[in-house]
Structures are given as structure tokens and as C-alpha cells.
Amino acid sequence: MFNTPIYWSKRFLKVIDYKRVSNFTKVKFSYYISRLTRKSWHWGFPYTISIEPTTSCNLHCPECPSGLRKFHRPTGNIDGRTIDKIIQQLGNYLIYVTFYFQGEPLLHKDFANYIKRLKEKNIIVGTSTNAHYLNKTKALEIIDSGLDRLIISLDGTDEKSYSSYRRGGDFNLVIQNIKTMVKQRQLSKAKHPFIELQFIVFKHNEHQIKDIKRLSKELGVDKLSLKTAQLYEFEEGNALMPGLVKYSRYTKTEDGKYRIKGKLPKHCNRSWSGSVISWDGNVVPCCFDKDADHTFGNIMEQEYKNIQSNNDYKKFLQQILDDRSKIEICRNCSEGL
């Protein structure tokens, strides 16, 4: 297992240079000025983005538009031209890229090659997978690509609890593939990727929190993250909602209905620091806009700097400062919780 603080400190020190520090400072300064003046200002380029490799997925998770096959937007796979456009326009400013949005990234045939292209620009890159395709060959490709962070979803410690949400999944295969990934990294004597196990807490698996802590140690992963679940239908309650308040994004009100914990702050760091680029090049505000309802432009048709300065983008940022509750995707957001 890796020492988490040391690992990430080394990673960030390797990518930091004058241009990235200067850009980071501009973005942060504009964010705080916007909060102070209640008027949207946005300087610099995003220092973190999510890129969507594919909308395809092998599972049928009930709270996922990819799993439900319920996208209203076009579906498909990103191509090399789009990757090149992103790198050409943003590569010198990016510190961290999440090579994942919707879908299962390991289904993309050029997954490892695209990671390599991003790593050539000295960017920290992470992804998230359900690990069904994480065999020995893929594990070696991932190590060779230079991927920095590998998040693996494992929402159960046995077949029954796992398949309650990860429908169509194979618990035993996932466990075997995690072991394979850890073993191949050890045999390769590689210092990457950082392997993080993610356990989303639901009603049906909340009794397994102690078990997943034990299992993560047995598997030899570097970190275990216990995550709260985003539920689309939550006002009247939801069968997936955990009873443990600590692991729920929602709280019960006096009228018996549920609302998201806390109040929506009239600011959002995510919307200033980064954005999401879908497989077909559309620029959307964040990972909560799963169906790309707020598309500001397309990086294959416009320069990112022009997309960022257009009226739609500016209006969106101003609405966040005025009243985030009027933006649908913000009503179920964990930012600020």
C-alpha cells in the first residue's frame, strides 16, 4: 500500500510549473472576487476537467442514466481528434484530469492510449471503473499508460449486496480483478496507479461497513472511500436511502419529506475550477449534468476560451451567485455539504 500524502505530494510537485500556478491563481482569484461582489468574473482556464471516454456500460445500475440507457443526448465513444483538441487548448493549464464521466471507461478500445497522450502533457490523470474488464492484460496496459489514480467501485462485500445495485455485475470477478491489478502493480514494481476502493453506502449494504474496511485491507488497495449516494427520487424517500444519517445526503423534514442536507451556498468552486467535456466534445458545467442539459459549446467547433466567455456560460455562473436552487442540476448537488 502507498503512503497517501507522500504519493500525492510527489505527483503534484511533478506537474506544477509557472504557467499552471499562474492559471490556478487567476481562477481562484476570480472565484473569490465573484463571491465577494456577487457578480460573475472568470479568469484563466480550468485546471481540472472530466473527459468522457464513452457512454457505454456493461451494468444496469438503477440510479445511473448510462446503466438505465436513458440518455436524452447522443451516445458514443470519444475519438483521438477530440482528445487532441482538448490537449492543444487546455493541456498547458490542466493539473488533474478525470478520464471518466458516464459509462465504463475500460470499454473504450483506446483507453490506455488516450491516458498516455494526457500523461505526455505532464497531467495527473485518474479514472473510475466497475473493474469487470480489469484483467491481467488491461492491468498491464494501465500501468504502462502512467495512470495516476484508479477508483474501483465495490458496493458490497458479497454477491447479494453487490448485485442489488450493480445489476448485471459479477462480484467474484471484480474481486479477482482487483487482486490482479494489485499483483501486477507489485510485480511491475510500479509506483502507480494509486488504487482506491469506492463503497457507496445504501440501505442494503450499510451493515457491511466494517466488512468493507476489512476486505479493503485484505485486497491490498491504497485507500477505501465511503461515499454517499446521489438519488434522483428522494423527496418522498427512496428504498436505497441508508438509515445511517452520516452516510446519507438527505434529511427528513417536519412534513415527512426529504431534502438535501444543508443549504445550497450561492457559489460553486467546481463551476469556476473546471468543467466536463462529453465524448462528442460538448462542454458542460460539472459531473452533476449527466444528460448535458447545460451545454455551453463544443470544443470541436469553437476554441475553449470562446466557449468560456460566451453568454450562456456567463449566465450560468451568474445564476449560481444569484440562486443555485433555480438550476435543476444544483438541487441534488453535494457541493458545500
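Owing to the predicted nature of the structure, the values given are computational and were not obtained by experimental measurement. (Residues numbered from 1 in each chain as written. Predicted model: local features only at pLDDT ≥ 70, side-chain atom pairs only at ≥ 80, totals over all residues. Heavy atoms only, no water.)

(A) How the structure looks around empty space enclosed by the protein. Enumeration according to the criterion identifies 2 cavities of 30 Å³ or more in this entry. Contributing to the lining of the largest cavity are Cys268, Arg270, Ser271, Cys286, Phe288, Phe316, Ile320, Arg324, Cys330 and Cys333. Elements with a contribution of two residues or more to the lining of the largest cavity: α10 (269-273) and α12 (311-323). Split into classes, the residues belonging to the lining of the largest cavity amount to 7 nonpolar, 1 polar and 2 charged. (1 Å grid on protein atoms, 1.4 Å probe; cavity = no way out; pocket = protein on both sides within 12 Å on 5 of 7 lines; lining within 4 Å. Points joined across faces, edges and corners; volume = space filled by probe spheres on them. Helix = DSSP H or I, 4+ residues; strand = E, 2+ residues; numbered from the N terminus. Nonpolar A, V, L, I, M, F, W, Y, C, P; charged D, E, K, R; others polar.)

(B) Seen up close, the side chain of Ser30. Take Ser30: it is sitting in helix α2 (residues 18-37). Among the polar contacts made by the side chain of Ser30, one reaches the main-chain amide nitrogen of Trp43 at a distance of 3.3 Å. Ignoring sequence-local partners within four residues, the contact set of Ser30 consists of Trp41, His42, Trp43 and Trp272. (Polar contact = N/O pair within 3.5 Å; in protein donor to acceptor, adjacent residues only side chain to side chain. Contact = heavy atoms within 4.5 Å.)

(C) Quick peek at a positive patch on the surface. Together, Lys210, Lys213, Lys217 and Lys246 line one region of the surface with positive charge. With respect to the helices and strands, the residue Lys217 is situated in helix α9 (residues 209-219). (Patch = residues over 30% accessible without salt bridge, like charges linked within 9 Å, V, L, I, M, F, W, Y side chains within 5 Å. Areas by Shrake-Rupley, 256 points an atom, 1.4 Å probe, with all protein chains shown as cover. Salt bridge = Lys/Arg side-chain N within 4 Å of Asp/Glu carboxyl O. Lys, Arg positive; Asp, Glu negative; His and termini not counted. Charge placed at Lys NZ, Arg CZ, Asp CG, Glu CD.)

(D) Spatial organisation of the sheet that holds strand β9 (residues 274-277). Judged by pairing direction, the sheet is mixed, and its 9 strands sit side by side in the order β6-β5-β4-β3-β2-β1-β9-β10-β11 without closing on themselves. Strands at the two margins of the open sheet, each flanked by one partner only, are β6 (223-227) and β11 (297-298). Bridging between strand β3 (residues 124-129) and strand β4 (residues 149-153) involves 4 bridges; their strand directions are parallel. Bridging across to β4, Gly126 finds its partner in Arg149. Running over the sheet, helix α1 (residues 4-15) touches β2 (96-98), β3, β4 and β5 (194-200) and is turned about 130° from β3. (Pairing = 2+ DSSP bridges. Axes fitted to C-alpha atoms, helices over the stretch in contact; angles between N-to-C directions.)

(E) Main features of the packing of aromatic side chains. Counting across every chain of the model gives 18 aromatic pairs. The interplanar angle of 90° and the centroid separation of 5.0 Å between the aromatic rings of Tyr7 and Trp8 together place this pair among those described as edge-to-face. Judged by its relative accessible area of 7%, Tyr7 is buried. Given a relative accessible area of 16%, Trp8 falls into the buried group. Ring pairing ties together the aromatic residues Phe2, Tyr7, Trp8, Phe12 and Phe194, which thus form one cluster. Positioned over the ring face of Phe71 is Arg73, at 4.6 Å from the centre of the ring. (Phe/Tyr/Trp six-rings, centres within 6.5 Å; stacked < 30°, edge-to-face > 60°. Buried < 20%, exposed > 50% of the residue type's maximum accessible area, 1.4 Å probe, protein only. Lys NZ or Arg CZ within 6 Å of the ring centre and 35° of its normal.)

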